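Letter by letter, the chains look like this.
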Amino acid sequence: MARQPPASERQSEPRVQQPGQFSSMRWRLIFVYAGLLAALLLVLGLVLNAIIGRVLYTNELSAFQTEARAVVAANQKSWDDLVRGQPTDQCAGAVSFQEGFQQAIAGPLTRFNGIQGVYLLDRRGTVLVSADGGGVGESGPQVARGHVAQLIARYGSARPGSTGYLGDVAYTARNGQSGIDLLAVRYPTTSFCTDPKQSGFGIVEVITSFPRSRAVLAVVRLLMLGAFVAALLLGIVVSGPLIGQLLRPLTEMTRASRRIASGELSYRVGLPERTDEIGQLAHSFDEMAERIEHAFTAQQASDERMRMFIADASHELRTPLTAIRGYLDLQSMGAIDDPATARASLQAARDEADRMSRLLNDLLTLARLDIGRPLQREPMDLIALAGEAVDQARILAGERTVALQTDGRGALMVRGDRDRLKQVLVALLDNALKYGRPAPDGWVHVRVERSARDALLTIEDNGQGIASEDIPHIFDRFYRGERAERRRRVIAAESSRRQSPHQDATLPPAPDQIRQTAGPGGSGLGLAIAQTIVRAHGGDIDVQSQFGAGTTFSIRLPLATG
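These figures come from a predicted structure and were not determined experimentally.

About the criteria used
Residues numbered from 1 in each chain as written. Predicted model: local features only at pLDDT ≥ 70, side-chain atom pairs only at ≥ 80, totals over all residues. Heavy atoms only, no water. 1 Å grid on protein atoms, 1.4 Å probe; cavity = no way out; pocket = protein on both sides within 12 Å on 5 of 7 lines; lining within 4 Å. Points joined across faces, edges and corners; volume = space filled by probe spheres on them. Helix = DSSP H or I, 4+ residues; strand = E, 2+ residues; numbered from the N terminus. Nonpolar A, V, L, I, M, F, W, Y, C, P; charged D, E, K, R; others polar. Expected span 1.5 Å × (residues − 1). Bend = angle between axes of the 7 residues up to and from the residue. Phe/Tyr/Trp six-rings, centres within 6.5 Å; stacked < 30°, edge-to-face > 60°. Buried < 20%, exposed > 50% of the residue type's maximum accessible area, 1.4 Å probe, protein only. Pairing = 2+ DSSP bridges. Axes fitted to C-alpha atoms, helices over the stretch in contact; angles between N-to-C directions. pLDDT = per-residue confidence, 0-100. Contact = heavy atoms within 4.5 Å.

S.K.: I tried to follow empty space enclosed by the protein on my own but got confused; where do I start?
M.R.: The rolling of a water-molecule-sized probe over the atoms marks out the regions of remaining empty space. In the structure shown here, the tally under the stated rule is 2 cavities of 30 Å³ or more. Lining the largest cavity are Leu382, Leu385, Leu421, Val424, Leu425, Leu457, Val534, Ile555 and Leu557. Contributions of two or more residues to the lining of the largest cavity are made by helix H8 (382-397), helix H9 (418-435) and strand S12 (550-558). Top element by residues in the lining of the largest cavity is H9. It accounts for 3 residues. Broken down by class, the residue content of the lining of the largest cavity amounts to 9 nonpolar, no polar and no charged.

Below is the structure:
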């Protein structure tokens, strides 16, 4: 049965909350799109309704004005006849102007569809007569005082004694629901027998409800509503798949992020090449995933190198400490009574202490370089620096040749830490002498030259070379080609000591055995330090070697600028 994690661990695990059916980004975009489309259609509908309504109302108001003017002008004589009666028959049949207005003017007008009211107004806009008989003595409904004053100013001084249509003005009421036509008229006020020339100035107010415009607008609004609903539904139906297709890369990135989070660092979105924002996001996501994978791989490699480094450092430090303790134990067991043995033991212990000191100094140097401690960068002549290192190497070379060759083009300036770069050259020359061919055939050649941007330095020897299987690891920390052989010798020596019944298991081998097993190699950190220093200066170091035919180390450093 699989082990269940503790409750505290289960609570701390990150949980991915799945979006609800209508809370996902797809539905949010659909709702936003539908809302924007609805708002756009609504605004468009309102604008079209206002434009169409204005056109319809204006046209119908103009037609209504023409009809009202024609009816009033045509029926004016009938109104006169009704009020004045029959002159040949002692004004028989004469009626009041109110009754005559209702019969001759209001009656014909109200037969038209959409006429809401017909009124006869005086100069003050007060109702004298109405088609339905109501509102007499009150102000005319929806009468604009400005228009009444305009008609009075224009036609109020018309010559009395005559009757008929004078002029009119039409407008739409403030509420926009009615059209009003005010017609200035001269009408008879008494019968012919009483005063045939008596007439008054009045205003015929005719009100319409725009029936034709309302009917057309109702049909238009119904069609617009249907188009609004159809367009909205069509937009939702069409936008759903389109938005889903548009968001598919995001879905792929979500799936990729989950697989990467689960440990599948090599997974990529892998979308086709796109130039839009989502394509750029997918490309950036893949680049980020690749960097994460590389960083994770590098971190794993770094951790592995750190574990190996710690293990190797512990082993390298344990060896001299064990040897020193063994020599001290040897002194305490009576070796001090033999002066020659005592001196040899103390010298061996001192040698091991010096070796441990050098190892610790190398470890400290690597630690400082690893944490990025800034180097003292200053312009320097690489040829002069190589000359100093070659002069020191000649002291140790004995009869072997150590030669320096340049490109003959004068000083070669680089920027760097003089002491650190010299440390690199001395270490490489020391290796060349240590593993090179002995005198009188041995030689070391140093060449300094330049390219367009870089300074190039090579150190070549004709020694035994490096085995091909060792070259990939030559710059690894604590790596030495002779380590396996030395360890076998140490293990054999320790096994021999354990089999001796007269010595403690902690006793080291004899001093001469220690020197033999130690071999010519150092701590295995020299080349690692050299590579770290060169890379800290923005350069690189490489090695080419053929076993039995010599080795060549090549260093490239950027030239000083400015």
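S.K.: I keep staring at helix H2 (residues 25-84) and nothing clicks. Help me out?
M.R.: An α-helical turn contains 3.6 residues, so a residue and the one three or four places further along point in the same direction. Compared with the 88 Å implied by 1.5 Å per residue over 60 residues, the 84 Å span of H2 between its first and last C-alpha is a close match. The sharpest bend along H2 reaches about 40 degrees and sits at Asn75. A positive backbone phi angle near 75 degrees is found at Gly85, which sits one or two residues after H2.

S.K.: Just checking my understanding: could you explain the packing of aromatic side chains for this structure?
M.R.: Pairs of aromatic rings are described using the distance from one ring centre to the other and the angle between the two planes. In the structure shown here, the tally under the stated rule is 5 aromatic pairs. Ring centres of Tyr57 and Phe210 lie 4.7 Å apart, and the angle between their planes is 50 degrees; on these two criteria the pair is classed as tilted. Pair noted here: Tyr57 is in helix H2 and Phe210 is in the loop between strand S5 (199-208) and helix H5 (211-261), with a separation of 153 residues, a long-range link. Residues Phe97 and Tyr187 carry aromatic rings whose centres are separated by 5.3 Å and whose planes lie at 40 degrees to one another, so their mutual orientation is tilted. You can see Phe97 sitting in helix H3 (residues 97-110) and its partner Tyr187 sitting in strand S4 (residues 179-188), a full 90 residues away along the chain. Among the residues examined, Tyr187 registers a relative accessible area of 5% and is labelled buried. Through a chain of ring-to-ring contacts, the aromatic side chains of Trp79, Phe97, Phe101 and Tyr187 assemble into a single cluster.

S.K.: Honestly, the sheet that holds strand S7 (residues 401-406) in this entry has me stumped. Any pointers?
M.R.: Note: strands within a sheet are paired through backbone hydrogen bonds, in either parallel or antiparallel orientation. Strand order in the open sheet made by the 5 strands is S7-S9-S10-S12-S11, with mixed pairing throughout. What marks the edges here is a single partner per strand, and that holds for S7 and strand S11 (540-546). Shown here is a sheet whose adjacent strand axes are inclined to one another by a mean of 15 degrees, direction ignored. Where S11 meets S12, 7 bridges bridge the pair, whose relative direction is antiparallel.

S.K.: Any chance you could explain the confidence of the model for the protein here in plain terms?
M.R.: Close reading of the predicted structure is inappropriate where its pLDDT is low. With 83% of its residues at a pLDDT of 70 or more, the protein shows a mean pLDDT of 79. Note that pLDDT drops below 50 for residues 1-16; the model gives that stretch 5 contacts with residues more than four away or on any other chain.

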